[in-house]
Amino acid sequence: SQQGEEDPQALSIQEGENATMNCSYKTSINNLQWYRQNSGRGLVHLILIRSNEREKHSGRLRVTLDTSKKSSSLLITASRAADTASYFCATAIFNTGFQKLVFGTGTRLLVSP
Amino acid sequence: KAGVTQTPRYLIKTRGQQVTLSCSPISGHRSVSWYQQTPGQGLQFLFEYFSETQRNKGNFPGRFSGRQFSNSRSEMNVSTLELGDSALYLCASSSLSTENTEAFFGQGTRLTVV
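Keep in mind the model is a prediction, meaning the values are calculated, not measured.

About the criteria used
- Residues numbered from 1 in each chain as written.
- Chains lettered and ligands numbered in written order.
- Predicted model: local features only at pLDDT ≥ 70, side-chain atom pairs only at ≥ 80, totals over all residues.
- Heavy atoms only, no water.
- Pairing = 2+ DSSP bridges.
- Helix = DSSP H or I, 4+ residues; strand = E, 2+ residues; numbered from the N terminus.
- Axes fitted to C-alpha atoms, helices over the stretch in contact; angles between N-to-C directions.
- Buried < 20%, exposed > 50% of the residue type's maximum accessible area, 1.4 Å probe, protein only.
- Contact = heavy atoms within 4.5 Å.
- Buried area = accessible area lost by both parts, 1.4 Å probe.
- Nonpolar A, V, L, I, M, F, W, Y, C, P; charged D, E, K, R; others polar.
- 1 Å grid on protein atoms, 1.4 Å probe; cavity = no way out; pocket = protein on both sides within 12 Å on 5 of 7 lines; lining within 4 Å.
- Points joined across faces, edges and corners; volume = space filled by probe spheres on them.

**Student:** With reference to specific residues and values, describe the sheet that holds strand 3 (residues 19-24) of chain A.
**Tutor:** All names here are of chain A. One open sheet holds the five strands; their spatial order is 1-3-8-7-6, and the pairing between them is antiparallel. Two strands close off the open sheet at either side, each with one partner strand: strand 1 (5-7) and strand 6 (55-58). If you compare each strand with its neighbour and ignore which way they point, the axes differ by 15° on average. In this sheet, strand 8 (residues 71-76) lies alongside strand 3 in antiparallel orientation, the contact comprising six bridges. Bridge assignment links N22 to a residue of strand 8, and that residue is S73.

Structural data, given as structure tokens:
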């Protein structure tokens, strides 16, 4: 079963605008990871945020994590057409040396030139 | 460093056949996990291997199996294929050096069952 629910399911913006995607989850986690997927290809790792972190930046990406609300957001600033993809959050639970990722439903982002 | 390599990229099989998919993790990574992605169910965890041992398995029938070799390369096998097994199969590699480590994915194998 999927732990994460992402919102919105689809987002359409113009180049230069910011895109915000949200992810909610149900259980305690060790970390949360965001991935990008271009039309049915592999997942590209974007960023990992630990459960004791509240915000993390990587280039044009900003991720926040609110463990009290069990939610995370991914902000892409100054979007480009090349950012068009599906974005997934994955919660990670680490137990006895094993890290299991549970993926959200994904947000399809379309950035128009 | 080379990334995660999955072969083949595309496969077409007939119902009832079996298939073997291969995954070579990033050098030095000992954990390999497999996921199935379908439009209806999204990304679902299949199983994870570490040092040739399966440590965890998702909720899939016994037709889905796997193994890991001493060089950390992994294979997954699906026997008696069904139409519903058509999916993108993704392999992830991780060092698991701490409890917060990234999982890196390959390009996937697109399996079509006809």
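**Student:** Break down the sheet that holds strand 8 (residues 74-78) of chain B for me, with residues and values.
**Tutor:** The strands making up a sheet associate through hydrogen bonds between their backbones, and the pairing can be parallel or antiparallel. All names here are of chain B. If you trace the four strands from one edge of the open sheet to the other, you get 1-3-8-7, paired in antiparallel fashion. The open sheet has two edge strands with one neighbour each: strand 1 (5-7) and strand 7 (64-68). Strand-to-strand twist in this sheet, taken as the mean axis angle between neighbours without regard to direction, amounts to 20°. By the bridge criterion, five bridges tie strand 3 (residues 19-24) to strand 8 in an arrangement that is antiparallel. Residue pairing across strands places L21 opposite M76, the latter belonging to strand 8.

**Student:** Give me the pairing of strand 4 (residues 31-38) of chain B: which residues, what numbers.
**Tutor:** Residues and elements named next belong to chain B. With eight of eight residues buried, strand 4 lies mostly within the body of the structure. With burial as the criterion, each face of strand 4 is covered, one bearing S31, S33, Y35 and Q37 and the other bearing V32, W34, Q36 and T38. Pairing geometry for strand 4 and strand 5 (residues 42-50), over eight bridges, is antiparallel. Across the sheet, the residue bridging to S33 is E48, located in strand 5. Two successive antiparallel strands, strand 4 and strand 5, enclose a turn made up of three residues. As paired strands, strand 4 and strand 9 (residues 87-94) are joined by seven bridges and run antiparallel to one another. Counted as the bridge partner of S31 is S94 from strand 9.

**Student:** Could you give an account of the interface of chain A and chain B, naming the residues involved and the relevant values?
**Tutor:** Chain A puts 23 residues into the contact, and the matching count from chain B is 26 residues. For the pair chain A and chain B, the summed buried area comes to about 2000 Å², and 53% of that belongs to carbon and sulfur atoms. For the chain A face of the interface with chain B, the top three residues by lost area are A:L43, A:F98 and A:Q99, together amounting to 25%. Contributions of two or more residues to the side of chain A that touches chain B are made by strand 4 (31-37), strand 5 (43-50), strand 9 (85-95) and strand 10 (98-103) of chain A. Here the side of chain A that touches chain B takes five residues from strand 10 of chain A, the largest share from any one element. In terms of residue class, the side of chain A that touches chain B is made up of eight nonpolar, 12 polar and three charged.

**Student:** Describe in detail the environment of A:A10, supporting the description with residues and values.
**Tutor:** All names here are of chain A. Within the secondary structure layout, A10 lies in strand 2 (residues 10-14). Taking relative accessible area as the criterion, A10 reaches 43% and is therefore assigned partly exposed. On a C-alpha basis, the gap between A10 and I29 in space is 26 Å, while along the polypeptide they are 19 residues apart.

**Student:** An account of empty space enclosed by the protein is needed here, citing residue identities and associated values.
**Tutor:** According to the stated counting rule, one finds one cavity of 30 Å³ or more in the structure shown. What the largest cavity holds in volume is close to 70 Å³. Lining the largest cavity are A:Q99, A:L101, B:S31, B:S33, B:Y35, B:A92, B:S93, B:S94, B:L96 and B:A103. Among the elements of the structure, strand 10 of chain A together with strand 4 and strand 9 of chain B are those that each provide at least two residues to the lining of the largest cavity. Considering only residue class, the lining of the largest cavity consists of five nonpolar, five polar and no charged.

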